[in-house]
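Below, each chain spelled out in residue letters.
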Amino acid sequence: MTTQLYQGDCLEMMKDIPDGSVDMVLTDPPYMINTKSTGAGKLNPWADYCNASFWYAEWMRQAKRILKNTGCLWSFFNWRSFVTFQKAACDIGWPMESVLVWDKCWIGPGGAKGLRPSYELVALWAMPDFKIENRGLYDIQRFKWSSKKPHGHPAEKPVDLMKWIIEQSTRPGDTICDLFMGSGTTGEACMLTGRSFIGMELDQGYFETAQKRIEDAKRAVNK
C-alpha cells in the first residue's frame, strides 16, 4: 500500500503517470458553473457550461488514458453540472455507464422558490473490461451527512461513501487516483481499505490537510 501526493495542477502532473497504470480514478472536481453574473442576476449560462466542458473533457481524457482496461472513473457532480459532464463525455466519446444518487439523509439550505437539496450525483465511466462484481447493487445509496465538514473543506464527502465506491469497484492492493483530492477523503478511504493512492491538489492549504490526514490513517492501519 503506497501513497504518492502531489501539490499542483493535475493536468500537468498527470502527464507523468504511465498509460494504463491505474485501477480507478475517484474524484470530486470543481463544478465550474454559475461563474458569470450581472447585478440583475445570471446571464444565459449556456456558454459557461460549454466552456467548462472543454476543461472537464481534458482531465477526463487524461483519466481514461491512465486507466487499465479493467478500470473505471467515478466523479461527483450535481444536477446543475449534469449537462457539462454530458457534453464533455460526448466530446471524448466516453459515455456515462451509470449515475449513482447519493442520498445524504439530510436536507441542505435552499431558496424560497425551490426544493431543498438532499442528494448529490456520482457518475461512472467504465473501461472495456471493467465490471461490478455485485450485480445486486442499486443506484441510490444512503450515507448520512450534514452541514458540518470534519476537515474544513466545503465540498467534503463522507469517508464511508468513498469506501463503499472503492470496495464495489476495486480490489485490495489496487491503485486509485484522485485528481482533486481536497482534504484527502479518498486517500483516507484508500488507506482504510488497503488500496494504494495517488492524490493531487492545487490548493496548498488543503494539500497539507490531506497529507496529514492520509498519513494519520496509514499509521492507524499499520499499528
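Residues numbered from 1 in each chain as written. Predicted model: local features only at pLDDT ≥ 70, side-chain atom pairs only at ≥ 80, totals over all residues. Heavy atoms only, no water.

Draft legend 1. Region of the structure containing the layout of surface pockets. In this model, the largest pocket occupies a volume close to 890 Å³. Every residue lining the largest pocket is counted, 41 residues in all, and those nearest its centre are Asp28, Pro29, Tyr31, Ala155 and Lys157. For the lining of the largest pocket, the secondary-structure elements that each account for two or more residues are strand E7 (119-126), helix H5 (185-193) and strand E10 (196-201). Broken down by class, the residue content of the lining of the largest pocket amounts to 20 nonpolar, 11 polar and 10 charged. (1 Å grid on protein atoms, 1.4 Å probe; cavity = no way out; pocket = protein on both sides within 12 Å on 5 of 7 lines; lining within 4 Å. Points joined across faces, edges and corners; volume = space filled by probe spheres on them. Helix = DSSP H or I, 4+ residues; strand = E, 2+ residues; numbered from the N terminus. Nonpolar A, V, L, I, M, F, W, Y, C, P; charged D, E, K, R; others polar.)

Draft legend 2. Structural detail: the environment of Pro172. Relative to the helices and strands, Pro172 is located in the loop between helix H4 (159-169) and strand E9 (175-178). Linking Pro172 and Ser196, residues 24 residues apart in sequence, is a C-alpha distance of 8.5 Å. Once residues lying within four places of it in the same chain are set aside, the contact partners of Pro172 are Thr193, Gly194 and Arg195. (Contact = heavy atoms within 4.5 Å.)

Draft legend 3. Spotlight on the pairing of E9. Of the two faces of E9, the one holding Thr175 and Cys177 and the one holding Ile176 and Asp178 are both buried throughout. Examined bridge by bridge, strand E2 (residues 22-27) and E9 share 2 bridges and lie parallel to one another. By the bridge assignment, Val25 is partnered in E9 with Cys177. Bridge analysis of E9 against E10 gives 4 bridges, and the strand direction is parallel. (Buried < 20%, exposed > 50% of the residue type's maximum accessible area, 1.4 Å probe, protein only. Pairing = 2+ DSSP bridges.)

Draft legend 4. Layout of the packing of H4 against H5. Where H4 meets H5, the closest approach of the two axes is 9 Å, and the angle between their N-to-C directions is 60°. Classed by the angle they form, the pair H4 and H5 counts as oblique. Like other packed secondary-structure pairs, H4 and H5 cross with a definite hand, here right-handed. Residues Val159, Met162, Lys163, Ile166 and Glu167 of H4 lie in contact with H5, whose contacting residues are Thr185, Thr186, Glu188, Ala189, Cys190, Leu192 and Thr193. Taken together, the residues of the contact of H4 with H5 sort by class into 6 nonpolar, 3 polar and 3 charged. (Axes fitted to C-alpha atoms, helices over the stretch in contact; angles between N-to-C directions. Parallel < 35°, antiparallel > 145°, perpendicular 65-115°, else oblique. Left-handed = near helix turned anticlockwise from the far one by under 90°.)

Draft legend 5. Quick look at the side chain of Glu156. Here Glu156 lies in the loop between strand E8 (140-142) and H4. The exposure class assigned to Glu156 is buried, which follows from its relative accessible area of 5%. Only 2.9 Å separates the side chain of Glu156 from the backbone nitrogen of His151, close enough to count as a polar contact. The residues contacting Glu156, other than those within four sequence positions of it, are Trp145, Lys149, Pro150, His151, Ser183, Thr185 and Arg213. (Polar contact = N/O pair within 3.5 Å; in protein donor to acceptor, adjacent residues only side chain to side chain.)

Draft legend 6. A look at the packing of aromatic side chains. Considering all chains together, one arrives at 12 aromatic pairs under this definition. Ring plane angle 45° and centroid distance 6.3 Å describe the contact between Trp94 and Trp125, whose orientation is recorded as tilted. Of the two residues, Trp94 is situated in the loop between helix H3 (82-92) and strand E6 (98-103) and Trp125 in strand E7; the sequence distance between them amounts to 31 residues. Assigned by exposure class, Trp94 and Trp125 land together as buried. When the ring centre of Phe54 is taken as reference, the NZ or CZ atom of Lys87 above it lies at 5.2 Å. One cation-aromatic arrangement involves Lys157 over Phe76; the distance from NZ or CZ to the ring centre is 5.1 Å. (Phe/Tyr/Trp six-rings, centres within 6.5 Å; stacked < 30°, edge-to-face > 60°. Lys NZ or Arg CZ within 6 Å of the ring centre and 35° of its normal.)

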